[in-house]
Structure formats: C-alpha cells, structure tokens
Amino acid sequence: MKANELKNATAAELETKSAELTKELFNVKFQLHTGRLENTAKVANLRKDIARVKTILREKRG
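Residues numbered from 1 in each chain as written. Predicted model: local features only at pLDDT ≥ 70, side-chain atom pairs only at ≥ 80, totals over all residues. Heavy atoms only, no water.

An unreviewed UniProt entry lists the protein under the name Large ribosomal subunit protein uL29, with Geomonas paludis given as the organism.

So this is what it looks like as structure tokens:
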C-alpha cells in the first residue's frame, strides 16, 4: 500500500481501512501462533500499513 493512494482517500475511508487492517492483523497473528502462517513477514507489513493509515488520518484531521 502506497502513501499516495491513502492521501487521496477520505477520513471515513481511512478509518474503515484501519479497522480492516487491524482485523487482518489479528487473524494473521492467530495463524502465526497456531503454526499455519507461512509468510511471517506479513505481520510486519500489516503493522506498517496500519501505521501509514493512522499517520495520514492524523494529518487530515489537523
């Protein structure tokens, strides 16, 4: 996910995206701890994506 794509989104879309990514992170962490996750880098990528979304959201709110 690119920051440029997020800057064009509205605040409501960013909040929705943040919630979706948080749910996905929970599911990926669950898979990691049960031994089903093959790509362990996905956890770090999701955390970075969530941080990007929250940063852009804060910038929009002022």
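### Observations regarding the pattern of salt bridges
What counts, and what does not: Just to be clear on terms, a salt bridge is a Lys or Arg side-chain nitrogen sitting within 4 Å of an Asp or Glu carboxyl oxygen. Per the convention used, a helix needs a DSSP run of H or I reaching at least four residues, while a strand needs a run of E reaching at least two, with both numbered from the N terminus. Relative accessible area decides the class of each residue, using a 1.4 Å probe on protein chains only: under 20% of the type maximum gives buried, over 50% gives exposed, and in between gives partly exposed.
For the structure on display, the rule yields three salt bridges. The closest approach of N and O atoms between Arg 61 and Glu 15, which form a salt bridge, is 2.4 Å. Note that Arg 61 is positioned in helix α3 (residues 41–61) and Glu 15 in helix α2 (residues 11–34), a separation of 46 residues in sequence. Overall, the relative accessible area of 58% leaves Arg 61 in the exposed class. On the basis of relative accessibility, which here comes to 40%, the residue Glu 15 falls in the partly exposed class. In this structure, Arg 52 engages Asp 49 in a salt bridge whose closest nitrogen and oxygen atoms are separated by 2.7 Å. Taken together, the positions of Arg 52 and Asp 49, both in helix α3 and three residues apart, correspond to about one turn of that helix. On the accessibility criterion, Arg 52 (34% relative accessible area) is partly exposed. Looking at Asp 49, the relative accessible area reads 13%, which means it is buried.

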